[in-house]
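Working through the structure, step by step
For reference, the chains in residue letters:
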Amino acid sequence: MIKRIAWALVPLVTAGLASFAPFLYLMLTRKTARARTLFLAFTAATALEVVVLVLVGNDDVEGTPDLLGGFYIVALAVTAAVMAFVELRPAKESAALPGRAYL
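In what follows, the accompanying structure is described. Predicted model, so just to flag it, every value in this text is computed and none were measured.

**With respect to the packing of helix α3 (residues 33-57) against helix α4 (residues 64-87)**
Running from N to C, α3 and α4 cross one another at 160 degrees; their axes reach a closest spacing of 10 Å. One way to sum up the angle between α3 and α4 is to call them roughly antiparallel. The chirality of how α3 crosses α4 is left-handed. Across from Arg 34, Leu 38, Phe 42, Ala 45, Thr 46, Leu 48, Glu 49, Val 52, Leu 53 and Val 56 in α3, the residues of α4 making contact are Pro 65, Asp 66, Gly 69, Tyr 72, Ile 73, Leu 76, Thr 79, Ala 80, Met 83 and Glu 87.

**Structural notes on the side chain of Ser 19**
Within the secondary structure layout, Ser 19 lies in the loop between α1 (2-13) and α2 (21-30). Here Ser 19 falls in the buried class, since its relative accessible area comes to 0%. A distance of 2.6 Å separates a polar atom in the side chain of Ser 19 from a polar atom in the side chain of Thr 46.

The rules behind these values
- Here the residue numbering is sequential within each chain, running from 1 through the sequence in written order.
- Confidence filtering applies because this is a predicted model: local features only for residues at pLDDT of at least 70, side-chain atom pairs given and counted only at 80 or more, and all residues used for totals across whole chains, interfaces and linings.
- Derived side-chain values reflect all non-hydrogen atoms in the structure, with water molecules and hydrogen atoms excluded from consideration.
- Here an axis means a line fitted to C-alpha atoms, over the contact stretch when the element is a helix, while the angle between two N-to-C directions is reported on a 0 to 180 degree scale.
- Each helix corresponds to a stretch of at least 4 residues labelled H or I by DSSP, and each strand to a stretch of at least 2 residues labelled E; elements are numbered beginning at the N terminus.
- For classification, angles of less than 35 degrees are called roughly parallel, those exceeding 145 degrees roughly antiparallel, those between 65 and 115 degrees roughly perpendicular, and all remaining angles oblique.
- Helix crossings are classified by the rotation of the near helix relative to the far one: an anticlockwise turn of less than a right angle makes the crossing left-handed, while a clockwise turn makes it right-handed.
- In what follows, a contact means two residues having at least one pair of non-hydrogen atoms within 4.5 Å.
- When accessible area is computed with a 1.4 Å probe and restricted to protein chains, residues below 20% of their type maximum are described as buried, those above 50% as exposed, and intermediate ones as partly exposed.
- Here a polar contact is recorded for every N or O atom pair within 3.5 Å, except that within protein the pair must consist of a potential hydrogen donor and a potential acceptor, and residues adjacent in sequence are included only if both atoms are side-chain atoms.

Take a look at the structure:
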């Protein structure tokens, strides 16, 4: 549970710049197609965030693009945190290991 919370906090603490990190861990540990898809999706979203930051940071005028860029950063960080918390729950396969007590 502590590991799930720690991985879910990574996107929030880094303002979305490391939103791909929990899914990289998930992809390396689970090795499923869903994990690879999530990793690729959040890597692309992080790359888009960097592009938005570069484009918005070049102008001297604050306006709608700055506001939308800020909303995108917050939405990416929150979405990645929630998805990481949900996806890093214990796998269903681990409950069926031999020698494990079932209550």
